[in-house]
Protein chains: 2
Amino acid sequence: MSFKQAPHDLLMVPGFIEFSDEVLWANAHPAVGLMSDEFVSAFGEVLDGLRRVMYASKDSQPVVLSGSGNMGWDLATLNVLEPGDNVLVLQTGHFSDLWEESLLPYGIKVTKLTAPVGQRPSIEEIKEALKQKKYRAITITQVDTSTGVLSDVKAISAATHEVSPETLVFVDGVCSVGAEELRVDDWGIDFVLTAPQQGLGCPPGVSIILLGPRALKACEERKAPVESYFFSLKRWIPVMRSFEGGKLAYFATPPTNLIFAMQVSLREMLNGPVSLEERFEKTKQASSKVKAFVAEMGMQQLVSEELLRTNGAANSMTTVRYPKGITAADIVPKMAERGVVIGGGIHHTCKDDYFRIGHIGISVTDESRGDVDKVLSNLREVLAEAGYKP
Amino acid sequence: MSFKQAPHDLLMVPGFIEFSDEVLWANAHPAVGLMSDEFVSAFGEVLDGLRRVMYASKDSQPVVLSGSGNMGWDLATLNVLEPGDNVLVLQTGHFSDLWEESLLPYGIKVTKLTAPVGQRPSIEEIKEALKQKKYRAITITQVDTSTGVLSDVKAISAATHEVSPETLVFVDGVCSVGAEELRVDDWGIDFVLTAPQQGLGCPPGVSIILLGPRALKACEERKAPVESYFFSLKRWIPVMRSFEGGKLAYFATPPTNLIFAMQVSLREMLNGPVSLEERFEKTKQASSKVKAFVAEMGMQQLVSEELLRTNGAANSMTTVRYPKGITAADIVPKMAERGVVIGGGIHHTCKDDYFRIGHIGISVTDESRGDVDKVLSNLREVLAEAGYKP
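Residues numbered from 1 in each chain as written. Chains lettered and ligands numbered in written order. Predicted model: local features only at pLDDT ≥ 70, side-chain atom pairs only at ≥ 80, totals over all residues. Heavy atoms only, no water.

Caption draft 1: Highlighting the relation of the copies chain A and chain B. For the pair chain A and chain B, the best superposition has an RMSD of 0.0 Å and corresponds to a rotation of 180 degrees with a translation of 0.0 Å parallel to the axis. What the superposition gives is, in effect, a two-fold axis relating one chain to the other. Measuring from the rotation axis to each C-alpha of chain A, the shortest distance belongs to G67(A), at 2.3 Å. An overlap of 100% is found between the interface residues of chain A and their copies at the interface of chain B, pointing to a shared contact surface. (Least-squares fit on C-alpha atoms with pLDDT ≥ 70 in both. Contact = heavy atoms within 4.5 Å.)

Caption draft 2: Spatial organisation of the pairing of strand β4 (residues 109-113) of chain B. Residues and elements named next belong to chain B. As defined by bridge partners, strand β3 (residues 86-90) adjoins β4 across 5 bridges and the pair is classed as parallel. Looking at β4, one finds that V89 is bridged to K112. The parallel pair β3 and β4 is bridged by helix α4 (residues 94-103), and the resulting crossover is right-handed. (Pairing = 2+ DSSP bridges. Helix = DSSP H or I, 4+ residues; strand = E, 2+ residues; numbered from the N terminus. Right-handed = clockwise from strand over helix to strand, strands pointing away.)

Caption draft 3: Layout of the sheet that holds β4(B). Residues and elements named next belong to chain B. In space, the 7 strands of this open sheet follow the order β2-β10-β9-β8-β5-β3-β4, with mixed pairing throughout. A strand with exactly one partner marks an edge of an open sheet, and here the two such strands are β2 (61-66) and β4. Taking each pair of neighbouring strands and ignoring which way they run, the sheet shows an average axis angle of 20 degrees. Note that strand β8 (residues 168-172) and strand β9 (residues 191-194) share 3 bridges and pair parallel. (Axes fitted to C-alpha atoms, helices over the stretch in contact; angles between N-to-C directions.)

Caption draft 4: Inspection of the UniProt feature "binding site: substrate" (unreviewed entry) in chain A at higher detail. In this numbering, the UniProt entry assigns the feature "binding site: substrate" (unreviewed entry) to R356(A). You can see R356(A) is positioned in strand β14 (residues 354-358). (UniProt positions renumbered as here; feature names shortened; annotations may be inferred.)

Caption draft 5: Representation of the pairing of β9(B) in the model. All names here are of chain B. Every second residue of β9 is oriented toward a common face, with F191 and L193 on one face and V192 and T194 on the other, all of them buried. By the bridge criterion, 4 bridges tie β9 to strand β10 (residues 206-211) in an arrangement that is antiparallel. Within β10, the residue paired with T194 across the bridge is I208. (Buried < 20%, exposed > 50% of the residue type's maximum accessible area, 1.4 Å probe, protein only.)

Caption draft 6: Structural detail: the side chain of S151(A). Residue and element names in this part refer to chain A. Mapping S151 onto the fold places it in the loop between β7 (149-150) and α6 (153-163). Taking the relative accessible area as the measure of exposure, S151 reaches 6% and is therefore buried. Within the structure, the side chain of S151 is placed 2.9 Å from the backbone oxygen of T141, a separation counted as a polar contact. Among residues more than four places away in sequence, those in contact with S151 are T92, R120, I140, T141, Q142 and I156. (Polar contact = N/O pair within 3.5 Å; in protein donor to acceptor, adjacent residues only side chain to side chain.)

Caption draft 7: Spatial organisation of the interface of chain A and chain B. In this complex, chain A contributes 55 residues to the contact, which on the side of chain B involves 55 residues. Scanning the region where chain A abuts chain B turns up 2 salt bridges. On the surface where chain A and chain B come into contact, there are 15 residue pairs in polar contact (both at pLDDT 80 or more). For the side of chain A that touches chain B, the leading source of residues is helix α4 (residues 94-103) of chain A, giving 4 residues. (Salt bridge = Lys/Arg side-chain N within 4 Å of Asp/Glu carboxyl O.)

Written out as structure tokens, the structure is:
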């Protein structure tokens, strides 16, 4: 295969990453019938691969449909929860706030454990809240891309199971699955939602969810009918099981080319030269390199010092405060002029105060690309051009 | 550009068609930031192109999101209708039945004008029904891919405006937009839903809707809150308007690569060597050729004789009854062995009685491909091998 993607700017935004030539070539797959063995087996392989990336057993059911990551919020609420349910939302930034917002149209009663920007609710606060009221579910944003805060999913889930074993554990893994460790079975996670364009290394356009056994049971036993046609998992789950059994089933047309692209990206993750565990390790190493550079340059991160000391900053991304005298105009557009795309701030309280660098996927697993170094060397020069002296 | 898609079976299923090399190459676009001028202008161009394909003015608003065609049913119901509304569904096959089914979870009161398989409700029946009760909307499936029946959208819309001017006209254009004429402004259509993988010649994974001025107004003035987060058009419409104004706005991650692919496919349709009007004409010519072959071979279509005489059969596809002594096993799999993929029957009352051929897109606009002839010559041989004598 001699396919080579077109020359382009280096993309290192948390939210979008570089894709391999092989993944993009698969996304250019010629038209294929849904009933073809090639497509049916690709879909089955994708579903099983997603289980493996999340360390989930066959008792869990992944569902992949045309959509986007945040569609998973609606899918969880409509199918696993019921109107009037209490849900505990852990605030770690903009995206956990949006999760809260997504619950409200469905009549869910939300309690939010808030934290200042760059911080997160403590395990003690979470335990205390779980003792105060009976919650049907707790929501955890593993990496909040607006702040770079990493939630300790393992510890939060353990605390939840200890204090309130009936509470379901929901995880937003949009900027984490495939980049940060997430062990569904071992950690007792009930629902994960994610998207392909970050840790999974595949273009966007797909909503990925995974239901653990308790969420599947809740889905099947819910009393209220699901007030949706397209979002009813009772329609989607049999389709997924059929594809995994090697047989076409139809509810809506699947995104065929993205399924082929995900098949390739999951193979790269699961059967490639870098194992899944090594991938997490390499993501951590890249993160350490970026964060050490930030410190060396005398800059601060948006994530609090305390979190930085206690594994509370994402490994998949870094949020950097502009140093004194430097503004957004000095960095993000200047980097873009050099062919390196990084992200501006997006938290409404301080979006002009910081920028964001993503370090995920092939940019960290394939050091020969030199992507991380390219970002840092350009950043050093751009800062110098703006007159910044560390 | 020297990209050439991989060798593959010829796909002529109503529901899936061949894609051009240029479209597939665009779908392999390297990772791109949402804020890049290239992406923002592509998205704006796609939205405007969709208006032009449907002959809609700037007063209409197209919305494109990650999803599938039938997601448009939910979007219409949740945003334009309200629980308790009466809706008149015109039955022309399986997909109009599913549209009815999609309305029920939302508390819509449905009246269905039924018709035998291969037929459609008459204009007189529709007028009579509209006189009996006040309907908020009427639903028309322009081409029902389960039967090959074509609805006369222009006449139905005119009848609706005449008898019940307040009734909104909803059109499912999944297997028709880009292949069959649909004039939103001239015909007074209020809501269209469609998908990219048929008449628009682009891989699936996108939900496309277009709201006319009355649907936009209904959307803005509806009393009941929209009981959805992801499906709330009040969130999506400003995003679309922003992209059309040349500026990024964000609600959920758009399917970047499919947007680039649609940009190319719409350019092919609107600025290519074959004009949109010629495209419709060429689709009709291909349809006539296939239907003449069916008659020459002494076979029957699923569409009734009366509809065949009165432009009531789709131009984008043909449904063919197996002749005496021939079964599904003799045709569809034998064609597949020859590298030509056509579709089996899918209407629950008679799925083993007929097969389906799609003739849309580059397979009809680019005669040098010889796709239609390839289907017909192989079909002739396969029928002969099965012992069929016309």
